[in-house]
Amino acid sequence: MSSIQLHGKTFDTYLSEAEIQQQVKRIAGELSRDYKEKRPLFIAILNGSFMFAADLFKHLTIDAEISFIKLASYKGMKSSGNVITAIGLEMDLFGRDVVIVEDIVDTGKTLHQFLPKLEHQQPKSMKIASLLHKPEALQYPLQIDYLGFSIPDKFVVGYGLDYDGLGRNYKDIYQLALGF
Ligand code: 5GP
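This write-up is about the structure you can find in this document. (Residues numbered from 1 in each chain as written. Predicted model: local features only at pLDDT ≥ 70, side-chain atom pairs only at ≥ 80, totals over all residues. Heavy atoms only, no water.)

1. With respect to the sheet that holds strand β9 (residues 156-157)
Taken together, four strands build an open sheet; the order of strands is β1-β2-β10-β9 and the sheet is antiparallel. The sheet is open, and its two edges are formed by β1 (3-6) and β9, each paired on a single side. (Pairing = 2+ DSSP bridges. Helix = DSSP H or I, 4+ residues; strand = E, 2+ residues; numbered from the N terminus.)

Below is the structure:
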């Protein structure tokens, strides 16, 4: 097992590039089958999903569109808790078959808060594709329709995922080493 160091912390290889690519191709195959003739609109959530989204998109064999958005949360003036806004959401979702592309669903809070905003635009359908999911950490009800891997509740980096800005460039996925 090889490991990497980021900001002085050690991460061990957890999912290899080959394992990741196998799952990405499988999901792309399922999407190509399910969305034939539908010209789906993929909405990839930056930053973490950029690699997954790019690889997934490369393997689609149907007509499809993709757009990238960034979520920003800020404290509302009156309401308690954070308000999530989407930066770069310019297209009209009305009547579209939408697929949200995420790197990882952890507590589910981000998507749970954000999806109603998209549903407000009345897409024809909306599904979620996530490379990773930590079932033990899930706190908000969320159905992941296309999933790469269910993983334990441990911090991971690589393949687009960062630790404080670093680690996104690795082709494999690494897990925080025990004892750190
Ligand atoms: P949620 O709202 O589901 O709790 O969190 C989702 C977001 O938290 C992900 O899009 C990702 O940015 C971040 N996140 C959750 N778990 C991890 C992890 O293990 N590693 C990294 N790098 N980011 C994570």
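Back to the text.
2. Details of the site of the ligand
Taken together, 15 residues are adjacent to the ligand, and T107, T110, K134, V156 and D162 come closest. Here an oxygen atom of the ligand sits 3.1 Å away from a polar atom, N or O, in the side chain of D103. In this structure, an oxygen atom belonging to the ligand sits 2.9 Å away from a main-chain N or O atom of D106. Here the ligand loses 79% of its free accessible area of 510 Å² to cover by the protein chains. The element best represented in the shell around the ligand is strand β6 (residues 97-105), accounting for four residues. When the residues that make up the shell around the ligand are grouped by side-chain class, the tally is five nonpolar, three polar and seven charged. (Near = heavy atom within 4 Å. Polar contact = N/O pair within 3.5 Å; in protein donor to acceptor, adjacent residues only side chain to side chain. Areas by Shrake-Rupley, 256 points an atom, 1.4 Å probe, with all protein chains shown as cover. Nonpolar A, V, L, I, M, F, W, Y, C, P; charged D, E, K, R; others polar.)

3. Examining the side chain of R96
Along the chain, R96 falls in the loop between β5 (82-87) and β6. Polar side-chain contacts of R96 include one of 2.9 Å to the backbone oxygen of R39. Ignoring any residue separated from it by four or fewer positions in sequence, one finds R96 in contact with R39, P40, L41, E65, P123, K124 and S125. (Contact = heavy atoms within 4.5 Å.)

4. Remarks on the pattern of salt bridges
A full pass over the atoms with the stated rule returns six salt bridges. Of the charged contacts, one joins D34 and R33 as a salt bridge, the two residues approaching to 2.8 Å between their closest N and O atoms. Residue R33 is classed as exposed on the basis of its relative accessible area, which comes to 57%. For the salt bridge of D55 with K58, the shortest nitrogen-to-oxygen distance reads 3.1 Å. Here K58 and D55 lie together in helix α2 (residues 50-58), a separation of three residues that amounts to about one turn. (Salt bridge = Lys/Arg side-chain N within 4 Å of Asp/Glu carboxyl O. Buried < 20%, exposed > 50% of the residue type's maximum accessible area, 1.4 Å probe, protein only.)

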